[in-house]
Structures are given as C-alpha cells and as structure tokens.
Amino acid sequence: MPRIRTVALVAGAALLTRRALRRRIATSPLWPLPALEEPVSGQPRSRALRLVVTRHEPVADGVVQLRLEGRDLPAWEPGAHLDVVLPSGLVRQYSLCGDPEDSSSYTVATRLIGAEQGGRGGSREVHEQLREGVAVEVRGPRNRFPLAQAPSYVFVAGGIGITPILPMLRAVEAAGAPWRLLYGGRSRSSMPFLEEIEKLAGPARERVTVVAEDEAGRPDLGAFLDGTPRGTAVHVCGPEALMDAVDAVLPDGCALHLERFTPRTALDGNAPFEVELRRSGRTVAVGADTTVLAAVRAELPNTAYSCEQGFCGTCQQRVVEGEIDHRDELLTDGERADSMLICVSRARGERLVLDM
C-alpha cells in the first residue's frame, strides 16, 4: 500500500506540473524561448566535436594553417568544410585541405581579412587566438561542394579558394583522371600551397597555370577554358566576380560547380515586406535595405545568429505562412519547405509568418 500511495502522489504531482506548464505557455507567448539554454530553431546540424589546435603555422602572406586533432573523427571527402566556433562565439566556415584518410586530425587554412576589406573579426580571431594548445569546438564536416564524377576536370581557384580545391587535385591525380588548374592571386607570396601543387603536376607542368596579379594582371579565363572537352567538370572557388566570370565563358557541354563564400543576391533587388512573429504576437517591417534577422532582433534581441551569410544554420526558423525567397547555401530541399535562414533569405510576397 505505501508503494501504491507513493506512485499516486508522484503521478498527481506530474499532472499538476503539466497543468501549470500549459497555463504558463498560454499567458506568455514568448515562453519558453528566454529560458532555453539553446535556441528552439537553429540547433547545431551535426554533433559538436572538441578538438585541440596542435599546429598554427603561416603558409603564405596573411594565411595560417591549423591542424585540429581529436580521435576517430568523422570521415570527409574533398570539398567538405567545418563550422568552427571561435572563442567569441562566432561561427565561421573553413574548407578542409588536409588528408581525408587521416581520422585523427582536420586541417584548415584561413586568410586574415581586415575590416577595410569587409572582414568582421572571425579571421583575426583565428590568426591571433587559435594558438597551439587551444581547444576549439567544430561541427561537421559538411559538403556542399563535392567533387563531381567526370571524365576530365578543370579547376579555377582564386586566393584562399585553393583550400577546397587542393584535396580535389590530390584525388583526381591519384585516380589518374586528366586535370588542369588555373590558380590566381594578388602575388605569389600570398598564394598558399604553390609548392605542393607544382609537385602534383609533376613533369606535366602545363597542367598548372599560376597567375599572380602583380606580375601578369588578371587571368584570361576565356583563353584558359577554350578547347575544354565536353563533359568536363569545372570546379571554381574564389571571389564572386571570379565565379561569375567563369560562368560567362563556360564552354558548351561543361558542368560548372561552385563554392560560394557569400550568399547569393537577388537579380531584381529587394522589396520590403512584413514578418509576423506568431508566438510573440508582434509584426515587424523588413525594409529593402535590411534583413529579417535585423528586423527580428530589434524586437527579440536574444534571437540566435552567427555567420550572417546563410552558411552556419544558427538562425534557422520555422515558417508558418508565406512564400520564401531562399538565398542560403545550407538548407536541404526538405528543410526549405517550411523553414528559412533569416540572416539572408527573404519573402517572395508581402508577408511571412514565423514560429517565433
């Protein structure tokens, strides 16, 4: 009998707790958002790993390479990248440029980008704070720039865009597939991995075209791509202008594969619209010159975000109503049906309703 009485008391207490919980939700539309340690939306998309920086070395002017060590790390393929959580909490994406067969470490490289060049502090943290011995959290790897299956390959890399290309070069060379590379940069001293790339080319040095802007100006993409056989996979990573230029002169029958550093922009400009925050009972205006994230944070300052470029997924929110203009480089087709990254994506109409 005492055991039965105890069970009944516990069950009754649980029922009262659930009723109190429902009353609290009903009277406070924002609850439980302020009380959660992690946001309701924008959860990490893969298990976080705690790795240690075991190497921090310069590999070119303004470029450092990091070796991040752990145990039994998830496998990856050329083109993959990591989400790196920096000491400040910022999340930045860095392409893996090491050996996919090494399950004990990941290797990334990053260029220092100053504020005058549009940098927002992430690369400076990597250069100045991620020293040897520092523990760092990473998520991934994830791959939105996989190496295509093709009879032959052309690679075009601009500056630090060589990082995802380098493992691809190793892979196609090991497979015996025909390949060519155009590698451009401001100067040879600013271009990492030149020595390794030249070794990969071996006696067939003509496979690699290096164009340093301070020596020869900008590369002639049309001349480089002229005569490329049909069916060739053309992989490009670098500034937006470089990718657009390659697209403009892409030979017929070749497939273009891109790695973007910034979110895609609308061709016809931005239009203003409204966003209803259903659970908070508020409506915000999103101007043509601002983002949903900025408008929402003016009302809900604790809204989680990080990269502001549509890459990390931190600001992902569920969409209740409205048509979405997706501009991210992350969400799957299934996720795009009812969610968006509010740092870059917008409404296709005059109104969106978010579950916030």
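Described below are features of the structure shown in this document.

Parameters at a glance
- Residues numbered from 1 in each chain as written.
- Predicted model: local features only at pLDDT ≥ 70, side-chain atom pairs only at ≥ 80, totals over all residues.
- Heavy atoms only, no water.
- Phe/Tyr/Trp six-rings, centres within 6.5 Å; stacked < 30°, edge-to-face > 60°.
- Buried < 20%, exposed > 50% of the residue type's maximum accessible area, 1.4 Å probe, protein only.
- Lys NZ or Arg CZ within 6 Å of the ring centre and 35° of its normal.
- Helix = DSSP H or I, 4+ residues; strand = E, 2+ residues; numbered from the N terminus.
- Pairing = 2+ DSSP bridges.
- Axes fitted to C-alpha atoms, helices over the stretch in contact; angles between N-to-C directions.
- Core = buried A, V, L, I, M, F, W, Y, C linked by side-chain atoms within 4.5 Å.
- Contact = heavy atoms within 4.5 Å.
- Arc of directions from axis to C-beta.
- Salt bridge = Lys/Arg side-chain N within 4 Å of Asp/Glu carboxyl O.

Counted by the stated rule, this structure contains one aromatic pair. Relative to F155, the ring of Y153 has its centre 5.9 Å away and its plane inclined at 5°; by these criteria the two rings are stacked. Per residue, the accessibility class of Y153 equals that of F155, and both read buried. Just above the ring of F224 sits the side chain of R180; from NZ or CZ to the centre is 4.4 Å.

On to unusual backbone geometry. Of all residues except glycine, most have a negative phi; of all peptide bonds, most are trans. Cis rather than trans, the peptide bond between G140 and P141 has omega equal to 5°. Within the secondary structure, P141 sits in strand β6 (residues 135-142). Even without being glycine, F193 reaches a positive phi, approximately 70°. By the element assignment, F193 lies in the loop between β8 (179-185) and α4 (194-201).

A word on the sheet that holds strand β4 (residues 91-95). Taking strand neighbours across the sheet as the criterion, the six strands line up as β4-β3-β6-β1-β2-β5 in an open arrangement whose pairing is antiparallel. One side of each edge strand has no neighbouring strand; the edge strands of this open sheet are β4 and β5 (105-111). Looking at each pair of strands side by side, their axes are set apart by 40° on average, direction ignored. Note: strand β1 (residues 48-60) against β6, five bridges, orientation antiparallel. In the sheet register, L49 faces β6, and the bridge partner there is V138.

What follows covers the nonpolar core. A general trend in soluble globular proteins is that nonpolar side chains are found buried together. Counting residues in each nonpolar core, the largest one holds 30 residues, and the members touching the most others are F155, I165, W179, L181 and I197. Broken down by secondary-structure element, the contributors of at least two residues to this core are β7 (153-158), α3 (162-175), β8, α4 and β10 (233-237). Counting residues per element, this core draws most heavily on α3, which supplies six residues. Setting aside anything within four residues of it in sequence, one finds F155 in contact with L147, I165, M168, L169, V172, W179, R180, L181, L182, F224 and H235. The next biggest cluster of nonpolar side chains, apart from the first, holds 24 residues, and it includes L277, L300, V344 and A347.

The α-helix winds at 3.6 residues per turn, so residues separated by three or four positions along the chain end up facing the same way. What α4 keeps buried is the set L194, I197, L200 and A201. The arc enclosing the buried residues of α4, seen along the axis, measures out at 120°, which places them on a common side. Exposed positions of α4 whose direction lies more than 90 degrees from the buried face are E195 and K199. On its buried side, α4 packs onto α3, β8 and β9 (208-212).

Attention shifts here to helix α8 (residues 292-299). Those residues of α8 that sit buried are V292, L293, A295 and V296. What you see down the axis of α8 is that its buried residues fit within an arc of 165°, all on one side. Where the residues of α8 are buried, they touch β12 (273-277), β13 (282-286), β16 (339-341) and β18 (351-354).

In this section: the pattern of salt bridges. Counted according to the given criterion, the structure contains 22 salt bridges. Close ionic contact of E196 with R170 constitutes a salt bridge, the shortest N to O distance being 2.7 Å. On the criterion of sequence distance, the pair formed by E196 in helix α4 and R170 in helix α3 is long-range, its members being 26 residues apart. Owing to a relative accessible area of 31%, E196 belongs among the partly exposed residues under this scheme. Across the pair R318 and D355 runs a salt bridge whose closest N-O atoms are separated by 3.4 Å.

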